[in-house]
Amino acid sequence: MDYAIGIDLGTTNSKVVLCELPSCRVVYLEKFTSPKIVDGDSIDFDIKQMIPCLKQALKACSMHAGNESIEFISIASVGESGVLVYDDGSYLERAIAWFDKRGGSYADALHAEGLAERFYGVTGIPAFGNYGLFKLLWMRDHGVDLKHATWLPLGDFVAWWLSGVKGQDESLASRTFAIDVKSGKTANEILERYGMSAGLFPGLVESGIPRGMVRPVLADELGLPRSCEVCVSGHDHMSGSVACGLDPAREALNSTGTSEGILTVNEAPVLTQESFASRLSNGRYVRRDSYSYYASLPTAGFSLAWLSGMLDIDEDVFFDEMPGKLHRRYLEGEFDGREMVFIPHLRGSGPPDRRVDARGCLYGFTGATTRDDLYYATVLGLVFELKRLYDCMLGAQVRETVKVIGPAIKSPLWMQLKSDVLDVRIEACRVRESVARGAVMLTAQKKGLDAKPQIETISYSPCPERTKYLEKLYETTYLPMTRTVAAYECKTR
C-alpha cells in the first residue's frame, strides 16, 4: 500500500497526517500547538520551534507507514504569514502572524491617498495590514535586511526546508498584495512604489504540483524515501474545499477554526466597486482557470475559546456537552426575548467594515443573566457577524447550500443558527482533518489518482418561523448596535 503525508500549518494547531492512497483516508495523525512568540500586541510564529515539531511528526508518520512507500508530502498553511530566506540558506526564525496588526499603517496610507481601489483592480485584494507586502515594509523599516532574501509564504517555506526548492503557491501568493491576480505575474507598479525588489518573490507554482524531492540528508533523518516528492496545496481554506468536494455552481464553503471564512469559486475575479467597498478578496484558486472569492472573520472558535477560559469551564463540558443542551433549548424558544448582543470583534472586525482596531462588545445582560445566556449570545453574535459578510459577499450569487468544515460542525446549536439566520441549507461535513486531507487529495488528483471525497454530512434546514424571528432581531438590534459601536470607536481614535 502507498501513502502520502498532508501538513496543515494552522493558527492555533498544526497537523501532520498519514493518508492511504488512492483513497486519501487518514490513518494516522500527529498534532502540535503552533509555536508562537508573544510580545505585547505583536505575535510571531516561532519558526525555530516549529521545525523540530515538524521533524518529530514526520518521523512518527514514517514509522507508522513502516516499509510501505510514502509517495509525497503536500502542505497547506495560513495565508499571509511568510519567512525570509537568504541566499546563503539561512532564514529568519520568526514570522509575523497573519492576524498581527503591524503592517496596518502602510495599508491605511493607500486608502488615504486614494490608491487602494486602483491596486484592488490589480491584486484582487483590498489594502489591509495583514498581507505579506505590508509585513515586509514594516520589517524593512524596523531594521530587517531584505537584501539577498526571498519571501516564502509559510507553506512554501516548509516546502523549501524539505526540498531546497523555492517557489510560491498560486493561492498563497494571492495573499501578498504583490501579485497580479489575473496574470499571476509580479505587480511591478506596486513594488516600485515602495522601492521593493521583484526578486523578493519567487515564481508562482501551480497548487498541488511537485516541487522536488525531499533533500537526501533530511529524508534519511526522517525515515522518508529519497523519492518522496514535496508539494504545496495552498491556502488552508482552499485545501479544505477540496476535501469536502465543493461544487462551485451550487455551493459555498464556510471554513471554521480560530477564524472562519466564506469561499466561492468563480471563473473570473470579482473586481467591482461593491466588492472593493466591502473589502472582499479574490485569489488564484488551487485549480487552474478558477478564482477564489473569499473573506474571513478574525474570530470564530477563538471567541468560544475566550469565553470558555474566562468562565473557567472544562473544555469537554463547554465544547461537547453544552452545544447539544443549548440546541434543544433554542429549538424550544427558551432564549427568545432575553437575547444579548455580542459583537465578536476580539481581534478586530472583518468585512464589510474591516478594521484592525475594532473592539468587542456585549450588551444587554442583567442580574438574571446566566452562563448559558452568555454562551448563546456568543454563538448568535458569531452567526450574525457571519450574516453581515454573507449578505455583502454573495448578493445575487447566492448558492443553494453552504458546506461547513472545521470544529464548528460539532455544535448543533451553531449549525442550526447558521441555517436559520442565513436562511440556507447547511451541510456539516464530517471530514477528518479536512485541510491536511484536502492537501493530499489535491496532489493525488493532479497525479491522476482516483481520489474522491468520502464525506459524512449532517444537514440543517432553516425553520421559517425562526428565520423570521432572527431576521427581525438582526435588523432591529444587532445592526444598529454595530453601527453605534463603530461610530463611537471612530470618535475615540
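Values in this document were obtained by computation on a predicted structure and should not be read as measured data.

Caption draft 1: A look at the overall build of the protein. Scanning the protein for helices and strands turns up 16 helices and 22 strands. Relative to the globule expectation of 23 Å for 493 residues, the C-alpha radius of gyration of the protein, 22 Å, shows essentially globular dimensions. Out of the 493 residues in the protein, the part that is buried amounts to 59%. In the protein, 75% of the contacts between residues at least 6 apart in sequence involve partners at least 24 apart. By element, 49% of the accessible surface of the protein is carried by carbon and sulfur atoms, the whole surface being about 19300 Å². Separation between the mean location of the 55 positive side-chain charges and that of the 64 negative ones in the protein comes to 1 Å.

Caption draft 2: Spatial organisation of the layout of surface pockets. Estimates place the volume of the second largest pocket at around 260 Å³. Forming the walls of the second largest pocket are 15 residues, and the residues nearest its centre are D108, F128, R354, R355 and V356. Among the elements that take part in the lining of the second largest pocket, helix α2 (residues 104-112) stands out by supplying three residues, more than any other.

Caption draft 3: Geometry of empty space enclosed by the protein. Under the defined criterion, the tally for this structure stands at four cavities of 30 Å³ or more. Taken together, L9, G10, S14, S34, P35, F45, D46, M50 and L154 make up the lining of the largest cavity. Grouping the amino acids of the lining of the largest cavity by side-chain chemistry returns five nonpolar, three polar and one charged.

Caption draft 4: Inspection of the packing of α2 against helix α4 (residues 132-141) at higher detail. At a closest axis distance of 8 Å, the pairing of α2 and α4 adopts a crossing angle of 115 degrees. Residues Y106, A107 and L110 of α2 touch α4, and the partners they reach there are F134, L137, W138 and D141. The residue inventory of the contact of α2 with α4, partitioned by class, reads six nonpolar, no polar and one charged.

Caption draft 5: Layout of the pattern of salt bridges. Counting across every chain of the model gives 34 salt bridges. Where D156 meets R211, a salt bridge forms, and the shortest distance between an N and an O atom there is 2.6 Å. Taken together, the residues span a long stretch of sequence, with D156 in helix α5 (residues 154-163) and R211 in the loop between β11 (204-205) and β12 (212-213) at a distance of 55 residues. According to the relative accessible area criterion, D156 is buried, its value standing at 0%. For the salt bridge of R226 with D220, the shortest nitrogen-to-oxygen distance reads 2.6 Å. For D220, a relative accessible area of 45% gives the class partly exposed. Linked through salt bridges whose partners overlap, the residues forming this network are E170, E206, R284, R288 and K446.

Caption draft 6: Molecular detail of the sheet that holds strand β17 (residues 291-297). Spatially, the seven strands line up as an open sheet ordered β16-β17-β15-β14-β20-β21-β22, and their pairing is mixed. The open sheet is flanked by β16 (281-284) and β22 (456-460), the only strands paired with a single partner. Direction aside, neighbouring strands of the sheet carry axes that sit 25 degrees apart on average. Inspection of the sheet shows strand β20 (residues 401-405) paired to strand β21 (residues 425-430) by four bridges, in the parallel sense. Bridging across to β21, T401 finds its partner in R425. Sheet strands in contact with helix α14 (residues 412-422) are β14 (251-256), β15 (260-266), β20, β21 and β22, and its direction is about 145 degrees off that of β21.

Definitions and limits used
- Per chain, residue numbering runs from 1 following the sequence as it is written.
- Reporting of local features is limited, given that this is a predicted model, to residues whose pLDDT is at least 70; pairs of side-chain atoms are given and counted only at 80 or more, and all residues count toward the totals for whole chains, interfaces and linings.
- The basis for the side-chain values is all heavy atoms of the structure; hydrogens and waters are excluded.
- Secondary structure elements follow DSSP: runs of H or I of four or more residues count as helices, runs of E of two or more count as strands, with numbering from the N terminus.
- Throughout, the radius of gyration refers to the C-alpha atoms, and the reference size of a globule is 2.2 Å times the residue count to the power 0.38.
- Categorising residues by exposure relies on relative accessible area from a 1.4 Å probe, with only protein chains included: less than 20% of the type maximum marks a residue as buried, more than 50% marks it as exposed, and the intermediate range marks it as partly exposed.
- Residue contacts are counted whenever heavy atoms from the two residues lie within 4.5 Å of one another.
- Areas reported here follow the Shrake-Rupley algorithm with a probe of radius 1.4 Å; residue values treat only the protein chains shown as occluding.
- None of His or the chain ends enter the tally, which takes Lys and Arg as positive and Asp and Glu as negative.
- Think of each charge as sitting on NZ of Lys, CZ of Arg, CG of Asp or CD of Glu.
- Here a cavity denotes grid points, spaced 1 Å and computed from the protein atoms alone, that fit a 1.4 Å probe unable to get out, and a pocket denotes an open set having protein on both sides within 12 Å along at least 5 of 7 lines; residues with an atom within 4 Å of a point are the lining.
- Grid points are joined across faces, edges and corners, and a volume is the space filled by probe spheres set on the points.
- As a working rule, the residues Ala, Val, Leu, Ile, Met, Phe, Trp, Tyr, Cys and Pro are called nonpolar, Asp, Glu, Lys and Arg charged, and the rest polar, with Gly in that last group.
- Structural elements are reduced to axes, namely lines fitted to C-alpha atoms, with helices fitted over the stretch in contact, and the angle between N-to-C directions of any two is expressed from 0 to 180 degrees.
- The salt bridge criterion pairs a side-chain nitrogen of Lys or Arg with a carboxyl oxygen of Asp or Glu, the two atoms within 4 Å.
- The rule for pairing is simple: two strands pair if DSSP sees at least two bridges between them.

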